[in-house]
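# Remarks on the overall topology
Letter by letter, the chains look like this.
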Amino acid sequence: DAGITQSPRYKITETGRQVTLMCHQTWSHSYMFWYRQDLGHGLRLIYYSAAADITDKGEVPDGYVVSRSKTENFPLTLESATRSQTSVYFCASSFTGLSTDTQYFGPGTRLTVL
Amino acid sequence: SQQGEEDPQALSIQEGENATMNCSYKTSINNLQWYRQNSGRGLVHLILIRSNEREKHSGRLRVTLDTSKKSSSLLITASRAADTASYFCATVMTTDSWGKLQFGAGTQVVVTP
């Protein structure tokens, strides 16, 4: 199906383990984003990418790594998971990244770090 | 700290009633957007209002923007059970070179039949 997908949808891991969350979009959108959603904080931007091989930090990048070797994929890696990274993670994409451009969100990945 | 803050945090109404929620922000914006999130789902874009606009309509949605007060409101008329969701405002600040969204914490709306 066309759109933006995330995998896995649910993940439980232990402190110190490496975890990779996957994001795939079929629209050939230039911009892709990773957010985390925590109660009382709304969505906070972790990293974004303006194109393949171009990534930049958002508001809360510490403890996360991203890559974008292909336009359609934007994986997010937690190199050594901590309990504070328990959250719901959303991937999003937009065609141009312009201020008037709509962002399209994936269904989210609920990550629990024990 | 968050750029946008919604008020109220939660709202419970009956079908057919109107739902109004407000968003306040701190710095100058290019535009303000409203998104809806159904339980367990991703966010869905509802409407965008530019800084030079005062009011915008889309179906049963009406958005107003008052840049002098740095506030916006979202009105959902004749609400339905399917409108039960969390609603988020998101701003694009004038200081950002691209469409970086700053989200508020959201208003949780429950519409009972």
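Residues numbered from 1 in each chain as written. Chains lettered and ligands numbered in written order. Predicted model: local features only at pLDDT ≥ 70, side-chain atom pairs only at ≥ 80, totals over all residues. Heavy atoms only, no water.

### Some remarks on the sheet that holds strand β7 (residues 64–66) of chain A
Strands in a sheet are paired, the pairing made by backbone hydrogen bonds, and the direction either parallel or antiparallel. Residue and element names in this part refer to chain A. The sheet built from four strands is open, its strands ordered β1-β3-β8-β7 with antiparallel pairing. Looking at strand neighbours, the two that pair on one side only are β1 (4–7) and β7, the edges of this open sheet. When the angles between neighbouring strand axes are averaged without regard to direction, this sheet yields 20°. When β7 meets strand β8 (residues 76–78), the two strands line up antiparallel, connected through three bridges. In the sheet register, Y64 faces β8, and the bridge partner there is L78. (Pairing = 2+ DSSP bridges. Helix = DSSP H or I, 4+ residues; strand = E, 2+ residues; numbered from the N terminus. Axes fitted to C-alpha atoms, helices over the stretch in contact; angles between N-to-C directions.)

### Regarding the sheet that holds strand β1 (residues 4–7) of chain B
All names here are of chain B. Read from one edge of the open sheet, five strands run β1-β3-β8-β7-β6, paired in antiparallel fashion. Looking at which strands have only one partner, the edges of the open sheet turn out to be β1 and β6 (55–58). Taking the axes of each pair of neighbouring strands and ignoring which way they run, one obtains an average angle of 20° across the sheet. Examined bridge by bridge, β6 and strand β7 (residues 61–66) share four bridges and lie antiparallel to one another. Bridge pairing in β7 places E55 opposite T64.

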